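# Structural overview
Here's the letter readout for the chains.
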Amino acid sequence: QVQLVESGGGLVQAGDSLRLSCAASGRTLSRYAMGWFRQAPGKEREFVAALNWSGSAFYADSVKGRFTISRDNAKNTVYLQMNSLKPEDTAVYYCARRRGLYSSASYSPVEYDNWGQGTQVTVSS
């Protein structure tokens, strides 16, 4: 089993940037697809970005061009660089590991079997 711990959230103003980190312990992440999801109050958890085990990245239309997902295998950490933040980006952000070795990225949260505890991102206007 792998434990995922997110960090880097906070309160920022519109237009600012944040970098979220997702550090893993227990098992290496390098051979798994990883995803970032977010959940705003009263809304369902939604896909933000994902990274194939091979390195291909996918983004929700709402964040494309502003967010970048990446990984550092040596640190067993996945990142989400968020630029030009908007108030509608306010949510709890979760990282997750897709089930299955050498898996492709998925937009569906049900395809992920390990989740972090989440980190709050609040963007004020």
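Everything that follows concerns the structure shown earlier in this document.
Everything numeric in this text was worked out from a predicted model, so none of it was measured.

Turning our eyes to something else, we now look at the overall build of the protein. Counting secondary structure elements, the protein contains zero helices and eleven strands. Ordered by position in the sequence, the α and β elements of the protein form the string β-β-β-β-β-β-β-β-β-β-β. Over its C-alpha atoms the protein spans a radius of gyration of 13 Å, differing by no more than 12% from the 14 Å that the globule rule assigns to 125 residues. Its C-alpha atoms give the protein principal-axis dimensions of roughly 40 × 25 × 25 Å. For the protein, with 125 residues in total, the buried portion stands at 44%. The contacts in the protein between residues at least 6 apart in sequence include a share of 60% that link residues at least 24 apart. Accessible surface, the protein: about 6200 Å² in total, of which carbon and sulfur atoms supply 47%.

In this section: the packing of aromatic side chains. Under the counting rule described, the total for this entry stands at seven aromatic pairs. With a centroid separation of 4.9 Å and 80° between ring planes, the pair formed by tryptophan 53 and tyrosine 102 is classed as edge-to-face. Of this pair, tryptophan 53 sits in the loop between β5 (46–51) and β6 (57–59) while tyrosine 102 sits in the loop between β9 (91–98) and β10 (112–115); the two residues are 49 residues apart in sequence, bridging distant segments of the chain. Exposure remark for tyrosine 102: the relative accessible area of 43% places this residue in the partly exposed category. Three or more aromatic residues joined by ring pairs form one cluster here, namely Phe37, Phe47, Tyr94, Tyr107, Tyr112 and Trp115. The ring of tryptophan 115 carries the charged tip of arginine 45 above its face, separated from the ring centre by 4.7 Å. Arginine 97 extends its terminal NZ or CZ atom over the ring of tyrosine 32, reaching a point 4.1 Å from the ring centre.

Here is what the cut-offs are and how they apply
- Residues numbered from 1 in each chain as written.
- Predicted model: local features only at pLDDT ≥ 70, side-chain atom pairs only at ≥ 80, totals over all residues.
- Heavy atoms only, no water.
- Helix = DSSP H or I, 4+ residues; strand = E, 2+ residues; numbered from the N terminus.
- Rg over C-alpha atoms; globule rule 2.2 N^0.38 Å.
- Buried < 20%, exposed > 50% of the residue type's maximum accessible area, 1.4 Å probe, protein only.
- Contact = heavy atoms within 4.5 Å.
- Areas by Shrake-Rupley, 256 points an atom, 1.4 Å probe, with all protein chains shown as cover.
- Phe/Tyr/Trp six-rings, centres within 6.5 Å; stacked < 30°, edge-to-face > 60°.
- Lys NZ or Arg CZ within 6 Å of the ring centre and 35° of its normal.

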